[in-house]
Every structure is written in C-alpha cells, then in structure tokens.
Amino acid sequence: EPEVTQTPSHQVTQMGQEVILRCVPISNHLYFYWYRQILGQKVEFLVSFYNNEISEKSEIFDDQFSVERPDGSNFTLKIRSTKLEDSAMYFCASSEITGQSSPLHFGNGTRLTVT
Amino acid sequence: AQSVSQHNHHVILSEAASLELGCNYSYGGTVNLFWYVQYPGQHLQLLLKYFSGDPLVKGIKGFEAEFIKSKFSFNLRKPSVQWSDTAEYFCAVSSGSSNTGKLIFGQGTTLQVKP
C-alpha cells in the first residue's frame, strides 16, 4: 500500500534556526496537509495545500511558517526562525480528493526538538 | 468553533474485554466523523468514518462506531479487544461543507490491553 513518507524522523535544531521538514505524499494525491502534535496535546491542523496554493491555514500557521511543493513529489514545511514552543511532532498527510470518499493518509511524523 | 472531546485519556483492559471509547464533538452544521488509530511507532491510520446514512459504521479490525446526532457523539466500540489493539485512538471531525479536508482532533485515548 502506498505510504506518505517523512524525513527526517527526528530533527534537533537551535532556537532561531530555520528548519525544513520534508514529506513525499502518495503519488496520485492532490491535497496535502501539515498537522502537529505538541507533547501531551491534541493533533492540530496547520495548513492544507492544493493546486500549488494554501487552501486553508490555522492561527498557528503564522508568518514563520511556509509550505512549498518544489517539484512533483515533495511537500515541505519551513519554519524560518524556530522557537522553543515549535517543539512537536509534525505530521504530513495527503488525500486524493477532499470530501467524503477520500480520507487523509498520514506519514510517520517528524519529531522536531528546538533547544 | 469546532471541537472534539475524548473523555477517556488512558484505558487499561484485559484481552477479551469489551471496549467503548467516548467521543463528543461541538459543531452546529453537518459533520464528517472519523476514528484514527496510531500503533506504537507507526503513522495515524483510519479505522472508520461516518459521512451519512446508517449511523452505525463498521471499520477495520472489528471496530465499529455509532453516530448519535442528538448527543453529538461518535463512540468507538469493539466487543473483544486483543493485545494487538494497544495503541492511541483519535476521534476527529471535519465540516461537511468544507472543501479543504481540515480535521479537528480530540486529545486521544491511550489503550493498553494486557495479555
């Protein structure tokens, strides 16, 4: 079964540094998402992306965050200047279409630790 | 705003016991409802989903959930759990009118099944 893959599995960075989290969605999927889960808290929606543009973003997704699909296969989340509170597990997801017939497929996540 | 509440944070059962995990949501419009499972070290996987029709939905691995609209609930059940069901379970909701696929998650329930 096709999978969403995320790299790296664990990223440690210093506060103020830029970090790029990478995801390879399932190849025929058209909708892409980032979610995050701070330790002990809920999985939170960050952003959805379709047709090379953001379709929805949450309040968390401020100017420090950006997403990009630089080529036909990768989907990246960039945090420009990391803060301690950005430490979390970041999940990428993709779906074939939105709506009823196409659930989200999630990757294994990248654990980001900001020191 | 949409929200999802899972009442049980940590459940411990013996094998063959019956399981019911509570999930309540807050949203005034049409909703799509989901249960996801995350086995240790793995990605979030869809257990089952409800969009419309029969409020009793069956998913993989013997799980089922019942949508009770009047109670805004979507509880997950399994008649007889196995040790391999040890995992974290997430209830999630999306707006039935949304075209972005955004999911709102509950805080998750950790299920530990003792052999």
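Only a predicted model underlies this, so the values are computations on that prediction, with no experimental measurement involved.

Draft legend 1. Representation of the overall build of chain B within the structure. Within chain B, the regular secondary structure consists of zero helices and twelve strands. Counting from the amino terminus, chain B carries its helices and strands in the arrangement β-β-β-β-β-β-β-β-β-β-β-β. Over its C-alpha atoms chain B spans a radius of gyration of 14 Å, differing by no more than 12% from the 13 Å that the globule rule assigns to 115 residues. Over its C-alpha atoms, taken along the principal directions, chain B stretches across nearly 45 × 30 × 20 Å. Expressed as a percentage of its 115 residues, the buried residues of chain B come to 48%. Partitioning the intrachain contacts of chain B with sequence separation of at least 6 by distance along the chain shows that 56% fall at a separation of at least 24. Positive and negative side-chain charges of chain B, numbering 9 and 7 respectively, have mean locations separated by a distance of 5 Å.

Draft legend 2. View of the packing of aromatic side chains. For the coordinates displayed, the defined rule picks out 18 aromatic pairs over all chains. Arranged with centres 6.2 Å apart and planes meeting at 90°, the rings of F90 of chain B and F105 of chain B form a pair that is edge-to-face. Residue F90 of chain B is located in strand β10 (residues 87–95), and its partner F105 of chain B is located in strand β11 (residues 104–105); the two are separated by 15 residues in the primary sequence. Side by side, F90 of chain B and F105 of chain B carry an identical accessibility label, which is buried. In textbook terms, an aromatic cluster arises when at least three aromatic residues are bridged by ring pairs, as seen for Y35, F45 and F106 of chain A together with F34, Y36, F51, F90 and F105 of chain B.

Draft legend 3. Main features of the pairing of strand β12 (residues 109–114) of chain B. Residues and elements named next belong to chain B. Burial of the side chains of β12 is restricted to one face: T109, L111 and V113 are buried, whereas none of T110, Q112 and K114 on the reverse face is. With five bridges joining them, strand β2 (residues 10–14) and β12 adopt parallel strand pairing. Bridged to V11 within β12 is L111. Pairing geometry for β10 and β12, over three bridges, is antiparallel. Residue pairing in the sheet places Y89 in a bridge with T109 of β12.

Draft legend 4. Spatial organisation of the state of the cysteines. Summed over the entire model, instances satisfying the criterion amount to two disulfides over all chains. The disulfide partner of C23 of chain A is C92 of chain A, and the S-S distance across this bridge is 1.9 Å. Judged by the torsion about the S-S bond (-65°), the C23 of chain A/C92 of chain A disulfide is left-handed. In this pair, C23 of chain A is assigned in strand β3 (residues 19–24) and C92 of chain A in strand β9 (residues 88–95), connecting sequence segments 69 residues apart. On the basis of relative accessibility, which here comes to 0%, the residue C92 of chain A falls in the buried class. Through a disulfide, C23 of chain B is tied to C91 of chain B; the S-S separation comes to 1.9 Å. Taking the torsion about the sulfur-sulfur bond, which here is approximately -70°, the covalent link between C23 of chain B and C91 of chain B counts as left-handed. One end of the pair, C23 of chain B, is in the loop between β3 (19–21) and β4 (24–26); the other, C91 of chain B, is in strand β10, with 68 residues separating them in the sequence. Summarising the burial analysis for this pair, C23 of chain B and C91 of chain B share the class buried.

Criteria and thresholds
- Sequence positions are assigned chain by chain, starting from 1 and proceeding in written order.
- Naming scheme: in the order in which they are written, chains are lettered from A and ligands are numbered from 1.
- Totals for whole chains, interfaces and linings use every residue, but because this is a predicted model, local features are given only for residues with pLDDT of at least 70 and side-chain atom pairs only at 80 or more, for both listing and counting.
- In computing side-chain properties, one takes all heavy atoms of the structure into account and sets aside hydrogens as well as water.
- A run of H or I in DSSP becomes a helix once it reaches four residues, and a run of E becomes a strand once it reaches two; helices and strands are each numbered from the N terminus.
- It is over C-alpha atoms that the radius of gyration is taken, and the globule rule equals 2.2 Å times the number of residues to the power 0.38.
- Whether a residue is buried, partly exposed or exposed follows from its accessible area with a 1.4 Å probe, protein chains only, as a fraction of its type maximum: under 20%, in between, or over 50%, in that order.
- Residue contacts are defined here by distance: any two heavy atoms, one from each residue, within 4.5 Å place the two residues in contact.
- In summary, the charge assignment counts Lys and Arg as positive and Asp and Glu as negative, without counting His or the chain termini.
- For the purpose of locating charges, the reference atoms are NZ of Lys, CZ of Arg, CG of Asp and CD of Glu.
- Here the aromatic set is Phe, Tyr and Trp, taking the six-membered ring for Trp, and pairing holds for ring centres within 6.5 Å; pairs whose planes are under 30 degrees apart are stacked, those over 60 apart are edge-to-face, and all others are tilted.
- Strands are labelled as partners when DSSP assigns at least two bridges between them.
- Our working definition of a disulfide is a cysteine sulfur pair at a distance within 2.5 Å.

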